[in-house]
Amino acid sequence: MAKKQFKAESKRLLDLMINSIYTNKEIFLREIISNASDAIDKLCYLSLTDDKVGLNRDDFKIDIIPDKTARTITVRDNGIGMSLQEAEQNLGVIAKSGSFKFKGEMEAEKAESEDLSIIGQFGVGFYSAFMVSDKVTVISRKYGEEKGVRWESSGADGYTVSECDRDEVGTDVIMHLKTDTDEEIYGSYLETWKIKALVKKYSDYVRWPIKMDIDHQERRETGEKNNDGSPKYEYYTVTANETVNSMVPIWQRSKSDVSDEDCITFYKEKHRDRKDPLALVRVNAEGTVSYKALLFVPGEENNEFSGTNRIGITLYSNGVMIMEKCEDLVHDYFEFVTGIVDSPDLSLNISREILQHTRQLHVIGQNLEKKIKGELEKMMKEDRPKYEDFFRNFGIHLKVGVCDEYGRYKDFLRDLLIFYTSEDKQITLKEYVEAMPESQKKIYYATSDTVKHAMGLPQCEDVKSRGYEIIYLTSPLDEMVLENLREQDGKSFCNIVTDDLGFETEEEKKAAEEKEIESKDFLDFVKESLGDKVSKVSFTRKLVSQPCALTTDGGVSLEMEKYFRHGPSEEMRGIKAVRVLELNGEHSAVKAMQACFDSGDKEKAKKLAEILYASSELVAGVDVEDPVGFVNLITELF
Ligand code: ADP
């Protein structure tokens, strides 16, 4: 039979597996068992709606059959099986399998065969069989098909695949073990004690019974007597087919039996994540709706696991998987949470449409959200750097959640939000209000593209000098969040650039207005000099050491304008902030400009106005419209 070639990347991985110097070769058994268990899950699920499957839940099992004479170890399952095409597709290529992720990591870390220590931190899948075997034969028959398939490979040089007869649905993976070497006794994988230990170590939680023939020594009386009159015994071997795993899934076991560490190991193996999860939520609820849940907040927002690839929460009913990635359990703001929910109160054959309206699911979802929130709040209190890490990864989901559905969830989420008050400090709004001095009436915030830029805004100076903190926002979404939150503990939000800071008395305001009227000609002149760059020029009392600042009038801020500039439609890209130039009348630069104007040197006054405007653009973090013109104006001053 003609050999077929593996796809390039599969071949490379195979090479790694075959020549692996990795000491943890034993994980191959876990991988093959886990595939068998997945295959049974699939057929068991099918059997819920398809009577023709003809198997009960109790009939499913995985057999491990070592054969010392043939030097093979076979893992047999009565799961869904593979068709010829599937065998070729699934075993001939590393497609979406864990092996692919592994390969990506290998490349990323430039870890060629000399550093294989990372193998085994992931599921490496079917190919791991080649770490211990020089030949692997797979014989399978898919449910619903008449014929079976025989796939065989001795490694990187290719594989053969052909139709064959097979009576039962399911799969045999027959691994022909390599010859023993000084370093590795491959033959040990044929020993019952060794296999048993490996199953306990790696596959104890597999839901299906893993069965093996196990020999026991027993003794019986021969009927004869020893010299001292005691009975004589003879020893004989009894072989019993036993289940070697405890089967109860980790989430079904009591908290006292399973440590947090065990749960974390489970998470890493299941999700093929090298990083520990940031948080773990374990629930065992008994009541109107009973359920067990084991949920995780992943270590980081991983592109591979975001969007449609998100792992999400898997629903089980009494240990039988009923739905992967159940999106109706928790709201989108917690969509990054992964894990398992198992409830005997959920019906087994349930569709996504029905599930949406299932009362039990709502109850479970609500409870879980409270638990997740509680866990996050605990993290925030006990380990702020870790919480910041969490927020950097997943904060955006919470922010979007606040704005979703007209702010319906804002009060549930508000205490989970943190905001920058300096480049290395983030606090909640509650903490902000608690730390406010008596005299402070509002929550001040400033917006720019980075915290650093926001901190450099000239309007900050006055607020900070009064001992008031400022919250620095770095995206239009942040502004929308505050808009939706409306207030915190009765304190309203104040944009230090565009809003009244509330520092002035009525008299002071009046005096300022009078000054503005007095200087009308001057302000009109500046406005005219700048043409349609600005809609208005006015005096401000918000500035201390800076001569001027660029602000906006109306709903569109400079940050929003920047954001819209990359928008999808022409219309969106055309959205502009209405610019206002605010001048600090007490500043020598403004005084100098006004003096030029008063003395009739309008040409110079105009140039100074242009320089001040361009510098206000710079400080506000927006692009100077005409940088060359700006530099020319400055050099002319020398
Ligand atoms: P992964 O399990 O991560 O998808 P593997 O390389 O372990 O990657 O397996 C590739 C695919 O081969 C599986 O996704 C499955 O479709 C198929 N497969 C492997 N073992 C079995 C089995 N025992 N029964 C049915 N299908 C199997």
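Parameters at a glance
- Residues numbered from 1 in each chain as written.
- Predicted model: local features only at pLDDT ≥ 70, side-chain atom pairs only at ≥ 80, totals over all residues.
- Heavy atoms only, no water.
- Core = buried A, V, L, I, M, F, W, Y, C linked by side-chain atoms within 4.5 Å.
- Buried < 20%, exposed > 50% of the residue type's maximum accessible area, 1.4 Å probe, protein only.
- Domains from an automatic or database assignment.
- Contact = heavy atoms within 4.5 Å.
- Pairing = 2+ DSSP bridges.
- Helix = DSSP H or I, 4+ residues; strand = E, 2+ residues; numbered from the N terminus.
- Axes fitted to C-alpha atoms, helices over the stretch in contact; angles between N-to-C directions.
- Phe/Tyr/Trp six-rings, centres within 6.5 Å; stacked < 30°, edge-to-face > 60°.
- Lys NZ or Arg CZ within 6 Å of the ring centre and 35° of its normal.
- 1 Å grid on protein atoms, 1.4 Å probe; cavity = no way out; pocket = protein on both sides within 12 Å on 5 of 7 lines; lining within 4 Å.
- Points joined across faces, edges and corners; volume = space filled by probe spheres on them.
- Nonpolar A, V, L, I, M, F, W, Y, C, P; charged D, E, K, R; others polar.

A few words on the nonpolar core. Grouped together as the largest cluster of nonpolar side chains are 72 residues, with contacts concentrated most on Phe-334, Val-341, Tyr-387, Phe-390, Leu-398 and Tyr-444. Domain assignment of the residues forming this core places at least three in each of domain 2 (250-391) and domain 3 (418-495). Not counting chain neighbours up to four residues away, the residues in contact with Tyr-444 comprise Tyr-432, Val-463, Tyr-468, Glu-469, Ile-470, Ile-471, Cys-494, Ile-496, Leu-501 and Phe-503. Leu-29, Phe-130, Tyr-143 and Trp-151 belong to the second-largest nonpolar core, a separate cluster that totals 50 residues.

Time to look at the sheet that holds strand E3 (residues 133-141). Reading across the sheet, the eight strands line up as E5-E4-E3-E6-E2-E1-E7-E8 and stay open at both edges, with mixed pairing between neighbours. Across the chains shown, the open sheet's two edge strands, defined by having one partner strand only, are strand E5 (159-164) and strand E8 (231-243). This sheet shows a mean twist of 20° between the axes of neighbouring strands, independent of strand direction. Here eight bridges tie E3 to strand E6 (residues 170-177), and the two strands are oriented antiparallel to one another. When the bridges of E6 are listed, Val-136 appears paired with Met-175. In the packing of helix H2 (residues 27-47) onto the sheet, contacts are made with strand E1 (62-67), strand E2 (72-77), E6 and strand E7 (210-225), and the angle to E2 comes to roughly 20°. The strands touched by helix H5 (residues 192-203) are E1, E2 and E7; relative to E7, the strand with the most contacts, the crossing angle is about 135°.

Here the focus is the pairing of strand E16 (residues 443-447). Across the five residues that make up E16, a large majority, five, are buried. Inspection of the sheet shows E16 paired to strand E19 (residues 491-495) by three bridges, in the parallel sense. Across the sheet, the residue bridging to Tyr-445 is Asn-495, located in E19.

Our next topic: the packing of aromatic side chains. Evaluation of the coordinates by the stated rule reveals 24 aromatic pairs. With 6.1 Å between their ring centres and 85° between their planes, Phe-334 and Phe-336 make a pair best called edge-to-face. Each member of the pair Phe-334 and Phe-336 is classed as buried. Counting every residue linked through ring pairs, the aromatic cluster contains Tyr-333, Phe-334, Phe-336, Tyr-387, Phe-390, Phe-391, Phe-394, Tyr-409 and Phe-412. Here the guanidinium or amino end of Arg-220 rests over the ring plane of Tyr-236, the centre of that ring lying 4.1 Å away. Lying over the aromatic face of Phe-539, Lys-515 brings its terminal NZ or CZ to 4.4 Å of the ring centre.

The phi dihedral of Met-247 is positive, around 70°, even though this residue is not glycine. In this structure Met-247 comes out as partly exposed when scored by relative accessible area, which is 28%. In this structure, Tyr-406 is a non-glycine residue whose phi angle is positive, near 50°. Relative to the helices and strands, Tyr-406 resides in the loop between helix H9 (384-403) and helix H10 (410-413). Among the residues examined, Tyr-406 registers a relative accessible area of 84% and is labelled exposed.

Right, let's talk about the layout of surface pockets for a bit. By volume, the second largest pocket amounts to about 600 Å³. Lining the second largest pocket are 26 residues; nearest its centre among them are Phe-539, Thr-540, Arg-541, Lys-542 and Glu-582. Every element with two or more residues in the lining of the second largest pocket is listed here: helix H15 (506-518), strand E20 (536-539), strand E21 (548-553) and strand E22 (578-583). With five residues, the top contributor of residues to the lining of the second largest pocket is H15. In terms of residue class, the lining of the second largest pocket is made up of six nonpolar, six polar and 14 charged.

These figures come from the coordinates and say nothing about function on their own.
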